[in-house]
Amino acid sequence: MDKLRQSFKSRLNGPFITELLVGINVLVFIWLTLVGGSTNIMVLVTHGAMVPELVKNGNALLTIFTSMFVHIGIEHILFNMITLYFIGRLLEGIIGHWKFLTIYVLSGIFANVVTLAFSSPNTVSAGASGAIFGIIGVWLMMAEQYRDYPFLAGMGRQMLIFSVLGILGGFIGTNINIIAHVGGLVAGFLLAYIISFPNLGKVPTWKRSSGAVLLLFMMATFLKLAFTL
């Protein structure tokens, strides 16, 4: 029993949020495959994918959240989960479980709101990429704010290259939601300032307040665009 208890505590001290998120996404994907296929439009729509027209009619508001756990095809989930696992585990260990989860979820929601504002009414939108770009945004923030940490500065440069390539790749590939990528990246970057990480160093009050005002302003603007157009 003691060994089991110690194993459980050790698990909780590790990046269990990242592993839990990966697990949920994989389980949802398996379920979609079993009930008709993850590329079947009707299956996607009835199991949490986001369709702007349905959201704007008030019939599927929850999909702004649930669509973060729905993936279209094996390549989609493989790329997202591999990225989340390797980038997320490291970041969660630095900033803590609950700050990591908060930024991940809020970035994903913000990315979906931006998608609502600019996507065609009947577009089917799904995937964790907005939330994943949110945690990439955290790496960029840490590289800017905590320049005295060579590791964070180095990771920030790598994440900047990764995000630029990811956004540019969206113009080449098909069915890639560039809007969600950019929205998530911006949200994660600003949320990192707002929440901040005292274990790494203090963030100036003006940066935290400016980030909050800017993020709230953008959220209000995109919500207005989404539900009035």
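Since the structure is predicted, the reported quantities are computational estimates derived from the model, not experimental observations.

Observations concerning the nonpolar core
Here comes step 1: Of all hydrophobic cores here, the largest spans 57 residues; its most connected members are Leu84, Tyr104, Trp139, Met142 and Phe197.
Here comes step 2: Mapped by element, the contributors of at least two residues to this core are helix H2 (16–34), helix H6 (74–95), helix H7 (97–118), helix H8 (129–145), helix H9 (150–172), helix H10 (178–195) and helix H11 (205–228).
Here comes step 3: With 10 residues, the top contributor of residues to this core is H8.
Here comes step 4: Other than its neighbours up to four places away in sequence, Tyr104 contacts Leu21, Asn25, Met68, Leu84, Ala128, Ala131, Ile132 and Ile135.
Here comes step 5: Grouped together as the second largest cluster of nonpolar side chains are six residues, Leu32, Leu44, Val70 and Ala126 included.

A few points about H10
Here comes step 1: Between its first and last C-alpha, H10 extends 26 Å over 18 residues, near the 26 Å set by a 1.5 Å rise per residue.
Here comes step 2: All of the buried residues along H10 are Ile178, Ala180, His181, Gly183, Gly184, Leu185, Ala187, Gly188, Leu190, Leu191, Ala192 and Tyr193.
Here comes step 3: Positive backbone phi, at 65 degrees, marks Ser196, one or two positions downstream of H10.

Remarks on the pattern of salt bridges
Here comes step 1: Scanning the entire structure with this criterion turns up three salt bridges.
Here comes step 2: Put simply, Glu19 and Arg89 hold a salt bridge, and the shortest N to O gap is 3.8 Å. Of this pair, Glu19 sits in helix H2 while Arg89 sits in helix H6; the two residues are 70 residues apart in sequence, bridging distant segments of the chain.
Here comes step 3: Taking the relative accessible area as the measure of exposure, Glu19 reaches 21% and is therefore partly exposed.
Here comes step 4: Between Lys207 and Glu144 there is a salt bridge, with the nearest N and O atoms lying 3.2 Å from each other. Of the two residues, Lys207 is situated in helix H11 and Glu144 in helix H8; the sequence distance between them amounts to 63 residues.
Here comes step 5: By relative accessible area, which is 17% here, Lys207 ends up buried.

Digging into the packing of H6 against H8
The description of two helices packed together rests on the angle between their axes and the distance between the axes.
Here comes step 1: Their axes nearest at 10 Å, the elements H6 and H8 cross at an angle of 40 degrees. Considering their axes alone, H6 and H8 lie oblique with respect to each other. Of the two possible hands of crossing, H6 and H8 adopt the one that is left-handed. For the pair H6 and H8, contact is made by Asn80, Thr83, Leu84, Ile87, Gly88, Leu90, Leu91, Ile94 and Ile95 and by Ser129, Ile132, Ile135, Ile136, Val138, Trp139 and Met142, respectively.

Overview of the packing of aromatic side chains
Here comes step 1: For the structure on display, the rule yields nine aromatic pairs.
Here comes step 2: Ring geometry for Phe16 versus Trp98: centroids 5.9 Å apart, planes at 75 degrees, classification edge-to-face. Pair noted here: Phe16 is in helix H2 and Trp98 is in helix H7, with a separation of 82 residues, a long-range link.
Here comes step 3: Overall, the relative accessible area of 17% leaves Phe16 in the buried class.
Here comes step 4: Under the relative-accessibility criterion, Trp98 is labelled exposed at 55%.
Here comes step 5: Ring pairing ties together the aromatic residues Phe110, Phe118 and Phe222, which thus form one cluster.

Brief notes about the side chain of Asn25
Here comes step 1: Considering the arrangement of structural elements, one finds Asn25 in helix H2.
Here comes step 2: On the basis of relative accessible area, Asn25 is assigned to the buried category, the value being 0%.
Here comes step 3: The contact partners of Asn25, leaving out residues within four places of it in the chain, are Met68, Phe69, Val70, His71, Ile77, Met81, Tyr104 and Ala128.

Criteria and thresholds
- Residues numbered from 1 in each chain as written.
- Predicted model: local features only at pLDDT ≥ 70, side-chain atom pairs only at ≥ 80, totals over all residues.
- Heavy atoms only, no water.
- Core = buried A, V, L, I, M, F, W, Y, C linked by side-chain atoms within 4.5 Å.
- Buried < 20%, exposed > 50% of the residue type's maximum accessible area, 1.4 Å probe, protein only.
- Helix = DSSP H or I, 4+ residues; strand = E, 2+ residues; numbered from the N terminus.
- Contact = heavy atoms within 4.5 Å.
- Expected span 1.5 Å × (residues − 1).
- Salt bridge = Lys/Arg side-chain N within 4 Å of Asp/Glu carboxyl O.
- Axes fitted to C-alpha atoms, helices over the stretch in contact; angles between N-to-C directions.
- Parallel < 35°, antiparallel > 145°, perpendicular 65-115°, else oblique.
- Left-handed = near helix turned anticlockwise from the far one by under 90°.
- Phe/Tyr/Trp six-rings, centres within 6.5 Å; stacked < 30°, edge-to-face > 60°.

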